[in-house]
Amino acid sequence: MSDEDDTLDPEVERDLMLRAVTERERRSSYSETSRWRPPAIVGQWRCRNPKCQRMVDVPEDGMTALAAWNVILRKRGEEPLDHDQVMFCTTCRPLYVKVEAERRRARNARIGTALRELRETDDPSRQAELLDELEELGHEDVDGLRRSLSERARSASARRPRREL
Ligand SMILES: [Zn+2]
């Protein structure tokens, strides 16, 4: 129903884009045995790691991906990405991947905890807090959770015996 992209924070978007570029790079090196051709390098950007800033070769589709993302960001009225915020050099990328995996694990653990509490609590204000938290953590179906909570509340009140007059 809602545009899920709106729940992505710029950091996530940046990561998605990076992943898309990395994936393409990986795929082009897979075909190495059959008919490998070097990706067209169209420029150099600085490594995204502010402490590194080494120049990184930019394949043509990296350029295209950045342009595509910036069109989306501008449409949403957000700051376009600078090209120095996008690529990692070969030294920094594995570090980033590791940190990112840890961050994702921590995030998933927090989502799990919030979902468990949401299942157990009947306090509407606590439910609202938990839903906000889940939204912030990037849970993909907060609307669905909201719906099932209100259904649960409705069926709970239907079960409650009515007082006869
Ligand atoms: Zn670097």
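These numbers come from a predicted model, not from an experiment.

(A) The overall build of the chain, seen in detail. A tally of regular secondary structure across the chain gives 6 helices and 2 strands. Moving toward the C terminus, one meets the helices and strands of the chain in the order α-α-β-β-α-α-α-α. In the chain, which comprises 165 residues, the share counted as buried stands at 10%. Here the analysis covers contacts within the chain between residues at least 6 apart in sequence; of these, 51% occur between residues at least 24 apart.

(B) How the structure looks around unusual backbone geometry. Of note in the backbone geometry, Gln53 takes a positive phi value of approximately 60° without being a glycine. With respect to the helices, strands and loops of the structure, Gln53 is situated in the loop between strand E1 (41-46) and strand E2 (55-59). On the basis of neighbour count, Gln53 is assigned to the partly exposed category, with 13 C-beta atoms found within 10 Å.

(C) Main features of the environment of Tyr96. One can find Tyr96 in helix H4 (residues 92-120). Put simply, Tyr96 and Asn49 are 47 residues apart on the chain and 8.9 Å apart in space, counted from C-alpha to C-alpha.

(D) Local environment of the confidence of the model for the chain. Looking at the chain as a whole, its pLDDT mean stands at 83, while 78% of the residues score no less than 70. Within the chain, no element has a lower average pLDDT than helix H2 (residues 32-35), which sits at 58, and none a higher one than helix H5 (residues 124-137), at 95. Segment residues 1-6: pLDDT under 50, and 3 contacts once partners within four positions in sequence are set aside and those in other chains are kept.

(E) How the structure looks around the packing of H5 against helix H6 (residues 142-159). With their axes 10 Å apart at the nearest point, H5 and H6 run at an angle of 160° to one another. It follows from the interaxial angle that H5 and H6 lie roughly antiparallel. For the element pair H5 and H6, the recorded crossing hand is right-handed. Residue-level inspection shows Gln127, Leu131, Leu134 and Glu135 of H5 in contact with H6, the latter providing Val142, Leu145, Arg146 and Leu149. Classifying every residue of the contact of H5 with H6 gives 5 nonpolar, 1 polar and 2 charged.

What counts and what doesn't
- Residues numbered from 1 in each chain as written.
- Predicted model: local features only at pLDDT ≥ 70, side-chain atom pairs only at ≥ 80, totals over all residues.
- Helix = DSSP H or I, 4+ residues; strand = E, 2+ residues; numbered from the N terminus.
- Buried ≥ 20, exposed ≤ 12 C-beta atoms within 10 Å, placed from the backbone.
- Contact = placed C-beta atoms within 7 Å.
- pLDDT = per-residue confidence, 0-100.
- Axes fitted to C-alpha atoms, helices over the stretch in contact; angles between N-to-C directions.
- Parallel < 35°, antiparallel > 145°, perpendicular 65-115°, else oblique.
- Left-handed = near helix turned anticlockwise from the far one by under 90°.
- Nonpolar A, V, L, I, M, F, W, Y, C, P; charged D, E, K, R; others polar.

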